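# Descriptive analysis of the structure
Each chain, written out:
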Amino acid sequence: MKTVKILILGVIFGLSLVACEKDDDPVNTQTPKADFTFTPTDPIEGDEVIFTAEAKEGSSEILSWDWNFGDIQSSTATGMNPSFIYEEGGAYQVMLEVTDVNENVYRVYQPITVSQAEFPAQLVWEFTTNTEVGNINDGSSAPVIGDDGTIFYTESRAGADSKIVAVKDQGDNAELVWASTAIGAELPNAPSIGPDGNIYINAWHDDFAINKLNAADGALMWSGAIGTDVSNNTPAIDSEGNVYHGSRAQGANGGVYSWTSEGEKRWEITGVGAFYAAPVISADESTVYFLNTSEGQVWAINAEDGTQKWDAPVGPGAGIHGTSLSINADGTIYYTTKTQVVAITDEGNAGAVKWQIEVEDASNSGVVIGPEGDLYVGSMGGLLSINPSDGSINWNYDEEIAESVPAVDVNGNVYVGTTDGRLIIVSSAGGLEKEFELGDGIINSPTITANGTLYVEGMDEDMIKLYKITVSESGPAASAWPMKGQNAKNTSQAQ
């Protein structure tokens with residue numbers, strides 16, 4: 001028995017020695033420990049952020065370095081020094097997980113705040129002829145741009161001194177080409193440019209309802225009289241240079257008209273009330289759509305001879321307003337009233353209301369279309385994003401907007417003027433990107449050129465001013481109707 005006891009004690013003592021030797025082994029008591037830094041320390045969205053990791057003093061040997069950058073996609077990387085680009089500003093939690101040779105795991109977390117990049121828009125210049133006007137540019141006025149880059153805009157509410165103004169963009173300033181008072185009447189609407197490059201404008205004058213000016217010098221080429229005046233009604237122009245517009249007059253004096261590019265009246269429909277809104281032309285140029293603002297209904301007119309395409313006009317009715325009509329790629333016609341936004345479908349022999357929604361006074365704006373198909377319209381209740389299929393509201397950016405049809409760029413950003421002198425830029429998600437203090441009154445409809453330059457008119461200190469804003473990597477949305485009049489010439493023809 002004594003021998004057995006001695007053997008057992010020997011085994012126990014030996015095992016205790018082995019255990020002591022393992023506890024004293026420094027490799028087996030170590031765990032992985034690491035930390036990391038990143039540069040830049042105050043990144044802006046779009047910056048490449050470089051992460052640099054290192055093992056801390058006393059760490060076991062680390063075999064793997066695994067990262068999670070904390071974005072919505074839970075993006076990952078491996079290695080000690082990865083990089084990552086945060087596409088959107090915000091607060092993120094970055095995790096580094098390290099594993100050692102014994103498969104021990106250690107995690108370290110750090111917050112990173114990514115600032116939103118400043119929207120790449122810059123006010124470059126403002127221009128005015130210093131003519132005092134008695135009121136705003138109405139009719140949702142917008143500048144138009146000729147093929148040679150000449151910008152034409154109106155200083156419209158100065159009585160007989162109201163002007164069409166032509167300027168050249170010299171980069172960091174504008175140079176006056178001419179300022180024409182040849183019409184001698186107020187011009188409460190936007191001009192348009194025909195296929196020959198010359199200017200068309202309606203006027204608040206019985207004898208000068210529609211006018212054509214020479215783009216080179218502003219000389220009056222011809223005027224057309226309809227026995228009444230025209231307001232808030234930008235002429236629509238087809239590819240042959242034929243011109244279409246309505247009248248301002250109510251009742252028996254109201255109607256719609258078409259002229260050749262040489263000033264000959266092609267046809268007219270009279271005695272049918274006021275057509276206060278800018279008409280639009282179908283993509284195949286067979287139909288012109290007018291809004292009878294006395295009745296709040298759309299008329300479909302055969303462009304060739306002025307006969308009615310539909311037996312009866314269509315729409316819910318809503319009274320006088322100065323909207324700009326627009327057309328989607330599927331032929332849906334949009335217009336706005338004091339209480340509604342309305343979508344009309346052309347079904348061949350008749351028209352039908354596709355949908356209508358209640359809004360707070362969108363009467364002096366119009367519907368435009370973004371690159372993903374969403375609709376945008378300004379109203380006194382805000383800038384609205386609308387689903388084209390059923391008219392449901394995607395979002396509403398709270399601003400007072402009047403006399404400004406929005407414009408949408410290729411990236412889905414929406415530009416629109418406010419009633420208190422600002423141009424605001426709102427993302428397609430409904431967040432404010434940037435704003436410019438341009439004046440002290442109405443800011444009208446912006447026009448976007450192919451290179452992303454934006455021109456817009458506005459009221460400031462009893463004068464109309466033209467503003468230039470540059471936007472990097474931009475241009476009009478690739479949609480059926482990205483701005484007032486569809487394009488920078490304001491021809492109001494569907495594409």
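Refer to the structure presented above.
Here the structure is a predicted model, which means the values were calculated and not measured. Throughout, residues of each chain are indexed from 1 in the direction in which the sequence is written. Where totals are concerned, whole chains, interfaces and linings use all residues; where local detail is concerned, this predicted model gives features only for residues with pLDDT of at least 70, and gives and counts side-chain atom pairs only at 80 or more. The basis for every side-chain value is the complete set of heavy atoms in the structure, and neither hydrogens nor water enter the calculation.

Here we come to the overall build of the protein chain. Within the protein chain, the secondary structure is distributed over two helices and 38 strands. Compactness check: the protein chain gives a C-alpha radius of gyration of 33 Å against a globular reference of 23 Å for 495 residues, more than 25% above the reference. Every one of the 495 residues in the protein chain was classed for burial, and the buried ones make up 54%. Intrachain contacts of the protein chain at a sequence separation of at least 6 include 51% that bridge at least 24 residues. Charge-centre separation for the protein chain: the mean point of 22 positive side chains lies 6 Å from the mean point of 71 negative side chains. Each helix is a run of H or I in the DSSP string that is no shorter than four residues. Each strand is a run of E no shorter than two, and both are numbered from the N terminus. For this measure, only C-alpha atoms enter the radius of gyration; the expected value for a globule follows 2.2 Å times N^0.38, where N is the number of residues. Using a 1.4 Å probe on the protein chains alone, a residue whose accessible area is under 20% of its type maximum counts as buried, one over 50% counts as exposed, and one in between counts as partly exposed. The criterion used for residue contact is that any of the two residues' heavy atoms lie within 4.5 Å. In summary, the charge assignment counts Lys and Arg as positive and Asp and Glu as negative, without counting His or the chain termini. Every charge is mapped to an atom, namely NZ of Lys, CZ of Arg, CG of Asp or CD of Glu.

Next up on the list: the sheet that holds strand β6 (residues 90-100). At least two bridges found by DSSP between two strands are what make those strands a pair. Across the sheet, four strands lie side by side as β4-β3-β6-β7; this open sheet has antiparallel pairing. For this open sheet the edge positions go to β4 (76-78) and β7 (105-114), each flanked by a neighbour on one side alone. Geometrically, the sheet is characterised by an average inter-axis angle of 20 degrees between neighbouring strands, direction not taken into account. Bridge analysis of β6 against β7 gives 10 bridges, and the strand direction is antiparallel. Looking at β7, one finds that G90 is bridged to V114. Only the contacting stretch of a helix is used when fitting its axis, a line to C-alpha atoms as for every element, and angles between N-to-C directions run 0 to 180 degrees.

The buried fraction of strand β34 (residues 422-426) is high, at five of five residues. Because side chains alternate across β34, one face comprises the buried residues R422, I424 and V426, and the other comprises L423 and I425, equally buried. Hairpin connection between strand β33 (residues 414-417) and β34: a loop of four residues separates the two successive antiparallel strands, and G421 in this loop has a positive phi of roughly 90 degrees. Here β34 runs beside strand β35 (residues 432-437); their pairing, made up of five bridges, is antiparallel. Note that in β35 the partner of I424 across the bridge is E435. Remark: five residues form the turn of the hairpin made by β34 and β35, two consecutive strands paired antiparallel; G430 in that turn has positive phi of roughly 95 degrees.

A separate point is the pattern of salt bridges. Take a side-chain nitrogen of Lys or Arg and a carboxyl oxygen of Asp or Glu: if they are within 4 Å of each other, that pair is a salt bridge. Summed over the entire model, instances satisfying the criterion amount to 18 salt bridges. One salt bridge in this structure joins D361 and K338, with 3.2 Å as the shortest N-O distance. Of this pair, D361 sits in the loop between β27 (351-358) and β28 (367-369) while K338 sits in the loop between β25 (333-336) and β26 (340-346), and the two are 23 residues apart along the sequence. Residue K338 is classed as partly exposed on the basis of its relative accessible area, which comes to 47%. When the shortest N-O distance is used, the salt bridge between E435 and R422 registers 2.7 Å. Of the two residues, E435 sits in strand β35 while R422 sits in strand β34, which places them 13 residues apart along the sequence. The partly exposed category is assigned to E435, whose relative accessible area is 36%. Linked through salt bridges whose partners overlap, the residues forming this network are E399, D420, R422 and E435.

A few words now on the nonpolar core. Of all hydrophobic cores here, the largest spans 43 residues; its most connected members are Y289, L325, V341, I344, W355, L383 and I386. Looking at which element gives the most residues to this core, the answer is β26, with four residues. When sequence neighbours within four positions are dropped, the list of residues in contact with I386 reads V341, W355, I357, D374, L375, V377, G391, S392, I393 and N394. We define the nonpolar core as a collection of buried residues of types Ala, Val, Leu, Ile, Met, Phe, Trp, Tyr and Cys that are connected through side-chain atoms lying within 4.5 Å of one another. The next biggest cluster of nonpolar side chains, apart from the first, holds 20 residues, and it includes A34, F36, A53 and V108.

The antiparallel open sheet is built from four strands, whose spatial order is β32-β33-β34-β35. The open sheet has two edge strands, β32 (407-408) and β35, and neither has a second partner. One ladder, built from four bridges, connects β33 with β34; its direction is antiparallel. Across the sheet, the residue bridging to Y415 is I425, located in β34.

Across the junction of T39 and P40, the peptide omega takes the value -5 degrees, indicating a cis bond. Note on placement: P40 falls in the loop between β1 (34-39) and β2 (48-55). Positioned with a positive phi, N232 is a non-glycine residue whose angle comes to about 50 degrees. With respect to the helices and strands, N232 occurs in the loop between β16 (220-224) and β17 (236-237). Positioned with a positive phi, E473 is a non-glycine residue whose angle comes to about 50 degrees. Mapped onto the elements, E473 comes out in the segment after β38 (463-471). Overall, the relative accessible area of 76% leaves E473 in the exposed class.

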